[in-house]
Amino acid sequence: MSGRPAIRPDRLQDRLARFAAIGATPKGGVDRQALTQGDRQARALLVDLAGSRGFSVRQDAAANLFLRRPGEDADLPPLLLGSHLDTQPTGGRFDGALGVLAAFEVLEALEDAGVSAPRSVEIAVWTNEEGSRFAPGAMGSQAFASGLLPAEWLDARASDGARLGDELAATIGSLPAPVTSLGFPIAAYLELHIEQGPVLERENTPIGVVTGIQGTLWLAVELEGRAAHAGTTPLDFRQDPMRAAATAMAELYRTVMPTDPDARFTIGRIEVQPGSINSVPESVRFTIDLRHPDAAVLAGLERQVRAACKNASADSACRLSIHRLLDMPPIVFPETMVRLVEESAQRAKLATRRIVSGAFHDAVHLARCAPTAMIFCPCRDGISHNEAEHVEPHFAAAGTTALLEATLSVLAR
Ligand code: HGY
Ligand code: MN
Ligand code: MN
Ligand code: MN
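Residues numbered from 1 in each chain as written. Chains lettered and ligands numbered in written order. Predicted model: local features only at pLDDT ≥ 70, side-chain atom pairs only at ≥ 80, totals over all residues. Heavy atoms only, no water.

## Quick notes on the coordination of the manganese ion (ligand 2)
Put simply, a metal with four donors set out as a tetrahedron has ideal angles of 109.5 degrees, and one with six donors set out as an octahedron has ideal angles of 90 or 180 degrees.
Logical step 1: Protein ligation of the manganese ion (ligand 2) involves His84 (NE2), Asp95 (OD) and His193 (NE2), the donor distances falling in the range 2.0 to 2.2 Å.
Logical step 2: Counting the intervening residues between successive donors of the manganese ion (ligand 2) yields the motif H-x10-D-x97-H.
Logical step 3: If you look at the manganese ion (ligand 2) and the manganese ion (ligand 3), they sit 3.4 Å from each other and are both ligated by Asp95. Remark: His193 occurs in strand 6 (residues 188-194) and Asp95 occurs in the loop between strand 3 (79-84) and helix 3 (97-112); sequence separation between them is 98 residues. (Donors = N, O, S within 2.8 Å, 3.2 Å for Na, K, Ca; no water. Helix = DSSP H or I, 4+ residues; strand = E, 2+ residues; numbered from the N terminus.)

## Let's talk about the pairing of strand 7 (residues 207-213)
Logical step 1: Most of strand 7 sits inside the fold, with six of its seven residues counted as buried.
Logical step 2: Note: strand 7 against strand 16 (residues 352-357), six bridges, orientation parallel. Bridge pairing links Gly212 to Val356 in strand 16.
Logical step 3: Where strand 7 meets strand 17 (residues 372-377), three bridges bridge the pair, whose relative direction is antiparallel. The partner of Gly208 across the bridge, within strand 17, is Phe376.
Logical step 4: In the sheet, strand 7 pairs with strand 15 (residues 331-332) via two bridges, with the strands oriented antiparallel. (Buried < 20%, exposed > 50% of the residue type's maximum accessible area, 1.4 Å probe, protein only. Pairing = 2+ DSSP bridges.)

## Overview of the UniProt feature "domain: Peptidase M20 dimerisation" (unreviewed entry) in the chain
Logical step 1: Taking the UniProt record as the reference, the feature "domain: Peptidase M20 dimerisation" (unreviewed entry) is found at residues 212-313.
Logical step 2: A distance of 37 Å separates the end C-alpha atoms of residues 212-313, which is 37% helix and 32% strand. (UniProt positions renumbered as here; feature names shortened; annotations may be inferred.)

In C-alpha coordinates form, the structure reads like this:
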(Lines give C-alpha, C1' and ligand atoms only; values in the text may rest on other atoms or scores of the structure.)
(Ligands and ions follow the chains in the order given, each with its own letter.)
Protein backbone atom coordinates (compact mmCIF):
# COMPACT_ATOMS: atom_id res chain seq x y z
CA MET A 1 0.00 0.00 0.00
CA SER A 2 1.52 3.38 -0.97
CA GLY A 3 0.70 6.38 1.36
CA ARG A 4 -1.94 6.14 4.04
CA PRO A 5 -5.40 6.81 2.55
CA ALA A 6 -6.98 10.12 3.51
CA ILE A 7 -10.32 11.65 2.67
CA ARG A 8 -10.64 14.89 0.68
CA PRO A 9 -13.19 17.13 2.48
CA ASP A 10 -13.50 19.45 -0.53
CA ARG A 11 -14.49 16.57 -2.79
CA LEU A 12 -17.06 15.40 -0.21
CA GLN A 13 -18.58 18.90 0.03
CA ASP A 14 -18.76 19.11 -3.75
CA ARG A 15 -20.57 15.78 -3.91
CA LEU A 16 -23.00 16.77 -1.13
CA ALA A 17 -23.85 19.94 -3.04
CA ARG A 18 -24.37 18.07 -6.33
CA PHE A 19 -26.75 15.56 -4.75
CA ALA A 20 -28.56 18.25 -2.74
CA ALA A 21 -29.41 19.89 -6.08
CA ILE A 22 -31.45 16.81 -7.04
CA GLY A 23 -34.88 17.47 -5.55
CA ALA A 24 -33.78 20.78 -4.04
CA THR A 25 -36.62 22.73 -2.40
CA PRO A 26 -36.92 26.54 -2.28
CA LYS A 27 -36.18 26.51 1.48
CA GLY A 28 -32.82 24.78 1.01
CA GLY A 29 -33.94 21.25 1.74
CA VAL A 30 -34.51 18.23 -0.47
CA ASP A 31 -37.64 16.41 -1.65
CA ARG A 32 -36.26 13.22 -3.25
CA GLN A 33 -38.77 10.63 -2.12
CA ALA A 34 -38.22 6.93 -2.65
CA LEU A 35 -38.45 5.62 -6.24
CA THR A 36 -39.37 9.00 -7.73
CA GLN A 37 -37.65 10.56 -10.74
CA GLY A 38 -35.39 12.44 -8.32
CA ASP A 39 -34.34 9.22 -6.59
CA ARG A 40 -33.54 7.70 -9.99
CA GLN A 41 -31.56 10.80 -11.01
CA ALA A 42 -29.45 10.60 -7.84
CA ARG A 43 -28.82 6.89 -8.38
CA ALA A 44 -27.78 7.57 -11.99
CA LEU A 45 -25.33 10.26 -10.88
CA LEU A 46 -23.79 7.86 -8.36
CA VAL A 47 -23.49 5.12 -11.00
CA ASP A 48 -21.70 7.60 -13.28
CA LEU A 49 -19.27 8.53 -10.50
CA ALA A 50 -18.68 4.83 -9.78
CA GLY A 51 -17.96 4.20 -13.44
CA SER A 52 -15.40 7.02 -13.50
CA ARG A 53 -13.49 5.24 -10.70
CA GLY A 54 -13.82 1.72 -12.05
CA PHE A 55 -16.14 0.53 -9.31
CA SER A 56 -18.59 -2.16 -10.49
CA VAL A 57 -22.33 -1.67 -10.09
CA ARG A 58 -25.18 -4.07 -9.44
CA GLN A 59 -28.68 -3.90 -7.99
CA ASP A 60 -31.23 -6.34 -6.60
CA ALA A 61 -34.98 -6.96 -6.93
CA ALA A 62 -35.67 -4.36 -4.21
CA ALA A 63 -33.72 -1.81 -6.30
CA ASN A 64 -30.97 -1.71 -3.67
CA LEU A 65 -27.91 -0.40 -5.50
CA PHE A 66 -24.37 -1.72 -4.85
CA LEU A 67 -21.05 -0.15 -5.90
CA ARG A 68 -18.03 -2.37 -5.41
CA ARG A 69 -14.28 -1.71 -5.14
CA PRO A 70 -12.88 -5.18 -5.67
CA GLY A 71 -10.39 -6.78 -3.29
CA GLU A 72 -7.75 -9.31 -4.30
CA ASP A 73 -10.04 -12.21 -3.39
CA ALA A 74 -13.43 -11.74 -5.07
CA ASP A 75 -14.83 -14.72 -3.19
CA LEU A 76 -14.37 -13.14 0.24
CA PRO A 77 -17.61 -11.60 1.63
CA PRO A 78 -17.23 -7.83 1.19
CA LEU A 79 -17.23 -5.17 3.86
CA LEU A 80 -20.48 -3.25 3.23
CA LEU A 81 -20.80 0.48 3.84
CA GLY A 82 -24.08 2.24 3.14
CA SER A 83 -27.08 4.38 3.80
CA HIS A 84 -29.90 5.84 1.68
CA LEU A 85 -30.49 8.56 -0.94
CA ASP A 86 -34.26 8.88 -0.55
CA THR A 87 -35.52 11.73 1.62
CA GLN A 88 -38.55 12.93 3.50
CA PRO A 89 -40.96 15.19 1.54
CA THR A 90 -39.42 18.21 3.29
CA GLY A 91 -36.13 16.56 4.12
CA GLY A 92 -32.57 17.73 4.55
CA ARG A 93 -29.41 17.53 2.45
CA PHE A 94 -27.61 15.12 4.79
CA ASP A 95 -30.06 12.49 6.13
CA GLY A 96 -28.89 9.40 4.23
CA ALA A 97 -26.92 11.23 1.56
CA LEU A 98 -24.02 11.94 3.93
CA GLY A 99 -23.65 8.23 4.66
CA VAL A 100 -23.70 7.25 1.00
CA LEU A 101 -21.31 10.01 -0.13
CA ALA A 102 -18.97 9.49 2.82
CA ALA A 103 -18.81 5.81 1.88
CA PHE A 104 -18.01 6.83 -1.70
CA GLU A 105 -15.30 9.15 -0.40
CA VAL A 106 -13.83 6.19 1.55
CA LEU A 107 -13.70 4.08 -1.62
CA GLU A 108 -12.01 6.92 -3.50
CA ALA A 109 -9.48 7.42 -0.69
CA LEU A 110 -8.62 3.71 -0.86
CA GLU A 111 -8.33 3.97 -4.64
CA ASP A 112 -6.24 7.16 -4.56
CA ALA A 113 -3.81 5.54 -2.12
CA GLY A 114 -3.64 2.35 -4.15
CA VAL A 115 -4.73 0.29 -1.14
CA SER A 116 -4.82 -3.38 -2.02
CA ALA A 117 -6.79 -5.52 0.42
CA PRO A 118 -7.97 -9.10 0.22
CA ARG A 119 -11.57 -8.03 0.85
CA SER A 120 -13.77 -5.98 -1.46
CA VAL A 121 -15.48 -2.90 -0.07
CA GLU A 122 -18.99 -2.35 -1.34
CA ILE A 123 -21.45 0.52 -0.90
CA ALA A 124 -25.18 -0.16 -0.51
CA VAL A 125 -27.74 2.48 -1.42
CA TRP A 126 -30.82 1.10 0.33
CA THR A 127 -34.22 1.58 -1.25
CA ASN A 128 -36.92 3.53 0.58
CA GLU A 129 -35.35 3.98 4.00
CA GLU A 130 -37.72 6.81 4.90
CA GLY A 131 -40.96 4.95 4.32
CA SER A 132 -42.90 8.19 3.93
CA ARG A 133 -44.06 7.49 0.31
CA PHE A 134 -44.46 3.74 0.79
CA ALA A 135 -44.49 2.01 4.18
CA PRO A 136 -42.58 0.34 5.74
CA GLY A 137 -39.39 2.35 6.10
CA ALA A 138 -36.03 0.63 5.68
CA MET A 139 -37.79 -1.46 3.03
CA GLY A 140 -34.78 -2.28 0.84
CA SER A 141 -32.54 -3.28 3.71
CA GLN A 142 -35.31 -5.45 5.17
CA ALA A 143 -35.69 -7.23 1.80
CA PHE A 144 -31.89 -7.71 1.63
CA ALA A 145 -31.66 -9.10 5.18
CA SER A 146 -34.70 -11.38 4.87
CA GLY A 147 -34.21 -12.33 1.21
CA LEU A 148 -37.90 -11.55 0.71
CA LEU A 149 -39.88 -8.88 -1.12
CA PRO A 150 -43.44 -9.45 0.24
CA ALA A 151 -46.12 -9.43 -2.48
CA GLU A 152 -48.36 -7.17 -0.37
CA TRP A 153 -45.66 -4.48 -0.52
CA LEU A 154 -45.73 -4.46 -4.33
CA ASP A 155 -49.41 -3.45 -4.48
CA ALA A 156 -48.98 -0.63 -1.96
CA ARG A 157 -50.11 2.74 -3.35
CA ALA A 158 -48.46 6.08 -2.62
CA SER A 159 -50.67 9.11 -2.00
CA ASP A 160 -49.91 10.11 -5.62
CA GLY A 161 -51.47 6.79 -6.74
CA ALA A 162 -48.21 5.18 -7.84
CA ARG A 163 -47.94 1.42 -7.22
CA LEU A 164 -44.76 0.30 -5.49
CA GLY A 165 -44.14 -2.67 -7.81
CA ASP A 166 -44.28 -0.40 -10.85
CA GLU A 167 -41.98 2.17 -9.26
CA LEU A 168 -39.45 -0.54 -8.34
CA ALA A 169 -39.47 -1.87 -11.91
CA ALA A 170 -39.04 1.62 -13.37
CA THR A 171 -36.15 2.37 -11.01
CA ILE A 172 -34.36 -0.90 -11.73
CA GLY A 173 -34.96 -0.40 -15.44
CA SER A 174 -33.53 3.10 -15.30
CA LEU A 175 -29.98 1.91 -14.53
CA PRO A 176 -27.53 -0.09 -16.67
CA ALA A 177 -26.74 -2.41 -13.76
CA PRO A 178 -27.28 -6.18 -13.57
CA VAL A 179 -29.95 -7.37 -11.13
CA THR A 180 -28.84 -9.99 -8.62
CA SER A 181 -30.87 -12.04 -6.14
CA LEU A 182 -31.83 -10.53 -2.79
CA GLY A 183 -29.09 -10.73 -0.16
CA PHE A 184 -25.50 -11.90 -0.24
CA PRO A 185 -22.97 -12.74 2.50
CA ILE A 186 -21.11 -9.76 3.95
CA ALA A 187 -18.25 -9.57 6.43
CA ALA A 188 -19.57 -6.53 8.31
CA TYR A 189 -21.71 -3.42 7.83
CA LEU A 190 -20.79 0.16 8.75
CA GLU A 191 -23.04 3.23 8.37
CA LEU A 192 -22.29 6.90 8.93
CA HIS A 193 -25.38 9.00 9.63
CA ILE A 194 -26.22 12.38 11.15
CA GLU A 195 -27.43 12.09 14.74
CA GLN A 196 -30.73 13.83 13.98
CA GLY A 197 -30.78 14.88 17.63
CA PRO A 198 -29.06 17.52 19.84
CA VAL A 199 -26.64 15.50 22.00
CA LEU A 200 -23.38 15.58 20.01
CA GLU A 201 -23.65 19.24 19.02
CA ARG A 202 -24.46 20.25 22.61
CA GLU A 203 -21.29 18.50 23.79
CA ASN A 204 -19.30 19.54 20.69
CA THR A 205 -18.35 15.87 20.28
CA PRO A 206 -17.56 15.07 16.64
CA ILE A 207 -18.20 11.33 16.74
CA GLY A 208 -21.16 9.40 18.16
CA VAL A 209 -20.41 5.71 18.61
CA VAL A 210 -23.86 4.17 18.23
CA THR A 211 -24.50 1.32 20.68
CA GLY A 212 -27.98 0.48 19.45
CA ILE A 213 -31.29 1.68 17.96
CA GLN A 214 -34.55 2.09 19.86
CA GLY A 215 -37.67 0.17 18.85
CA THR A 216 -40.21 1.66 16.42
CA LEU A 217 -43.83 0.78 15.67
CA TRP A 218 -45.96 2.40 12.96
CA LEU A 219 -49.72 1.95 13.27
CA ALA A 220 -52.47 2.85 10.79
CA VAL A 221 -55.70 3.70 12.64
CA GLU A 222 -58.99 3.78 10.75
CA LEU A 223 -62.25 4.98 12.30
CA GLU A 224 -65.48 4.57 10.31
CA GLY A 225 -68.71 6.31 11.27
CA ARG A 226 -71.62 7.65 9.28
CA ALA A 227 -71.54 10.73 7.09
CA ALA A 228 -74.28 13.16 8.09
CA HIS A 229 -75.41 16.73 7.77
CA ALA A 230 -73.39 19.11 10.00
CA GLY A 231 -76.37 21.29 10.68
CA THR A 232 -79.22 18.90 11.24
CA THR A 233 -77.59 16.00 13.13
CA PRO A 234 -77.70 16.19 16.95
CA LEU A 235 -74.98 14.58 19.09
CA ASP A 236 -76.89 11.43 20.04
CA PHE A 237 -77.59 10.82 16.35
CA ARG A 238 -73.97 11.07 15.27
CA GLN A 239 -71.40 8.38 14.55
CA ASP A 240 -68.58 10.87 14.21
CA PRO A 241 -65.13 9.34 13.54
CA MET A 242 -63.43 12.72 13.95
CA ARG A 243 -64.82 13.01 17.49
CA ALA A 244 -63.48 9.51 18.21
CA ALA A 245 -60.09 10.33 16.69
CA ALA A 246 -59.80 13.61 18.57
CA THR A 247 -60.73 11.91 21.86
CA ALA A 248 -58.13 9.15 21.40
CA MET A 249 -55.46 11.60 20.23
CA ALA A 250 -56.07 13.96 23.16
CA GLU A 251 -55.74 11.11 25.66
CA LEU A 252 -52.56 9.74 24.08
CA TYR A 253 -50.89 13.16 23.83
CA ARG A 254 -51.79 13.74 27.48
CA THR A 255 -50.43 10.39 28.71
CA VAL A 256 -47.67 8.84 26.56
CA MET A 257 -44.75 11.30 26.41
CA PRO A 258 -45.58 13.36 29.54
CA THR A 259 -45.34 10.22 31.69
CA ASP A 260 -42.29 8.61 30.08
CA PRO A 261 -39.40 10.84 28.89
CA ASP A 262 -38.00 8.00 26.76
CA ALA A 263 -41.28 7.43 24.87
CA ARG A 264 -41.89 9.01 21.46
CA PHE A 265 -45.47 9.40 20.13
CA THR A 266 -46.12 11.13 16.80
CA ILE A 267 -49.20 11.55 14.62
CA GLY A 268 -47.79 12.64 11.29
CA ARG A 269 -50.63 12.06 8.87
CA ILE A 270 -54.45 12.32 9.03
CA GLU A 271 -56.99 11.82 6.23
CA VAL A 272 -60.67 12.71 6.55
CA GLN A 273 -63.33 11.51 4.13
CA PRO A 274 -65.22 13.15 2.48
CA GLY A 275 -63.40 16.17 3.94
CA SER A 276 -66.34 18.49 3.47
CA ILE A 277 -66.72 21.48 5.76
CA ASN A 278 -70.41 20.79 6.39
CA SER A 279 -70.54 17.01 6.59
CA VAL A 280 -69.87 14.84 9.62
CA PRO A 281 -67.04 12.67 8.23
CA GLU A 282 -67.58 9.12 7.11
CA SER A 283 -64.07 7.99 8.01
CA VAL A 284 -60.86 9.25 9.58
CA ARG A 285 -57.50 7.58 9.08
CA PHE A 286 -54.34 8.58 10.92
CA THR A 287 -50.85 7.20 11.51
CA ILE A 288 -49.01 6.70 14.78
CA ASP A 289 -45.22 6.50 15.07
CA LEU A 290 -44.42 5.00 18.51
CA ARG A 291 -40.86 4.46 19.84
CA HIS A 292 -39.07 3.32 22.96
CA PRO A 293 -35.64 1.83 23.76
CA ASP A 294 -37.27 -0.96 25.83
CA ALA A 295 -39.21 -3.65 23.93
CA ALA A 296 -41.53 -4.46 26.85
CA VAL A 297 -42.39 -0.81 27.43
CA LEU A 298 -43.02 -0.36 23.69
CA ALA A 299 -45.42 -3.31 23.78
CA GLY A 300 -47.21 -1.69 26.72
CA LEU A 301 -47.48 1.60 24.86
CA GLU A 302 -49.02 -0.20 21.89
CA ARG A 303 -51.62 -1.72 24.23
CA GLN A 304 -52.31 1.75 25.63
CA VAL A 305 -52.79 3.15 22.10
CA ARG A 306 -55.13 0.34 21.10
CA ALA A 307 -57.20 0.74 24.29
CA ALA A 308 -57.56 4.52 23.85
CA CYS A 309 -58.70 4.07 20.24
CA LYS A 310 -61.11 1.27 21.20
CA ASN A 311 -62.75 3.28 23.98
CA ALA A 312 -63.05 6.41 21.86
CA SER A 313 -64.53 4.53 18.90
CA ALA A 314 -67.09 2.81 21.17
CA ASP A 315 -68.14 6.13 22.70
CA SER A 316 -68.82 7.51 19.22
CA ALA A 317 -70.41 4.30 17.85
CA CYS A 318 -67.73 4.01 15.17
CA ARG A 319 -65.95 1.00 13.72
CA LEU A 320 -62.21 0.76 14.46
CA SER A 321 -59.40 -1.02 12.66
CA ILE A 322 -55.70 -0.74 13.50
CA HIS A 323 -52.90 -2.40 11.61
CA ARG A 324 -49.13 -2.26 11.87
CA LEU A 325 -47.21 -0.60 9.05
CA LEU A 326 -43.79 -1.18 10.58
CA ASP A 327 -42.46 -3.17 13.52
CA MET A 328 -38.78 -2.74 14.45
CA PRO A 329 -37.75 -4.12 17.85
CA PRO A 330 -34.88 -2.30 19.59
CA ILE A 331 -31.42 -3.64 18.75
CA VAL A 332 -27.97 -3.47 20.35
CA PHE A 333 -24.81 -3.53 18.22
CA PRO A 334 -22.09 -6.06 19.20
CA GLU A 335 -19.53 -4.65 21.64
CA THR A 336 -16.71 -5.77 19.32
CA MET A 337 -18.04 -3.54 16.55
CA VAL A 338 -18.83 -0.65 18.89
CA ARG A 339 -15.26 -0.82 20.19
CA LEU A 340 -13.85 -1.07 16.63
CA VAL A 341 -15.60 2.20 15.72
CA GLU A 342 -14.58 3.85 19.01
CA GLU A 343 -10.88 2.88 18.70
CA SER A 344 -10.79 3.78 14.99
CA ALA A 345 -12.10 7.28 15.69
CA GLN A 346 -9.75 7.74 18.65
CA ARG A 347 -6.82 6.61 16.46
CA ALA A 348 -7.76 9.53 14.21
CA LYS A 349 -7.66 11.80 17.31
CA LEU A 350 -11.44 12.32 17.23
CA ALA A 351 -13.37 12.65 20.48
CA THR A 352 -16.18 10.15 20.84
CA ARG A 353 -19.15 9.39 23.05
CA ARG A 354 -21.50 6.42 23.01
CA ILE A 355 -25.11 7.06 22.06
CA VAL A 356 -28.36 5.18 21.35
CA SER A 357 -30.09 6.11 18.10
CA GLY A 358 -33.57 7.61 18.42
CA ALA A 359 -34.03 7.27 14.66
CA PHE A 360 -34.19 3.90 12.97
CA HIS A 361 -31.69 3.10 10.20
CA ASP A 362 -31.04 0.40 7.65
CA ALA A 363 -28.47 -0.91 10.11
CA VAL A 364 -31.43 -2.31 12.10
CA HIS A 365 -31.83 -5.00 9.45
CA LEU A 366 -28.15 -5.40 8.57
CA ALA A 367 -27.45 -6.21 12.22
CA ARG A 368 -29.33 -9.48 11.58
CA CYS A 369 -26.89 -10.41 8.77
CA ALA A 370 -23.45 -9.43 9.98
CA PRO A 371 -21.45 -7.56 12.66
CA THR A 372 -22.81 -4.02 12.35
CA ALA A 373 -21.98 -0.61 13.75
CA MET A 374 -22.92 3.02 13.14
CA ILE A 375 -21.10 6.32 13.42
CA PHE A 376 -22.98 9.57 14.11
CA CYS A 377 -21.92 13.12 13.44
CA PRO A 378 -23.56 16.23 14.94
CA CYS A 379 -26.21 18.18 13.07
CA ARG A 380 -27.07 21.81 13.77
CA ASP A 381 -29.67 22.29 16.55
CA GLY A 382 -30.27 18.54 16.31
CA ILE A 383 -32.78 19.25 13.56
CA SER A 384 -33.60 16.66 10.87
CA HIS A 385 -36.62 15.69 8.75
CA ASN A 386 -36.64 19.44 8.19
CA GLU A 387 -35.31 21.55 5.30
CA ALA A 388 -33.05 23.45 7.70
CA GLU A 389 -31.00 20.29 8.42
CA HIS A 390 -27.29 21.16 8.38
CA VAL A 391 -23.93 19.55 9.12
CA GLU A 392 -20.80 21.67 9.55
CA PRO A 393 -18.16 20.66 6.94
CA HIS A 394 -15.62 19.83 9.65
CA PHE A 395 -18.07 17.42 11.31
CA ALA A 396 -18.86 15.80 7.94
CA ALA A 397 -15.12 15.40 7.38
CA ALA A 398 -14.59 13.97 10.87
CA GLY A 399 -17.38 11.44 10.43
CA THR A 400 -15.99 10.38 7.06
CA THR A 401 -12.51 10.04 8.51
CA ALA A 402 -13.91 7.82 11.27
CA LEU A 403 -15.65 5.71 8.62
CA LEU A 404 -12.36 5.39 6.69
CA GLU A 405 -10.46 4.38 9.83
CA ALA A 406 -13.13 1.82 10.76
CA THR A 407 -13.01 0.47 7.20
CA LEU A 408 -9.22 0.05 7.43
CA SER A 409 -9.67 -1.72 10.79
CA VAL A 410 -12.07 -4.24 9.28
CA LEU A 411 -9.87 -4.74 6.21
CA ALA A 412 -6.89 -5.37 8.45
CA ARG A 413 -8.69 -8.23 10.26
O1 HGY B 1 -37.91 7.51 10.92
C2 HGY B 1 -36.72 7.28 11.11
O3 HGY B 1 -36.28 7.07 12.23
C4 HGY B 1 -35.75 7.30 9.96
O5 HGY B 1 -34.98 8.46 10.04
N6 HGY B 1 -36.39 7.27 8.68
MN1 MN C 1 -31.74 8.54 7.44
MN1 MN D 1 -34.79 10.07 7.85
MN1 MN E 1 -32.18 5.77 8.51
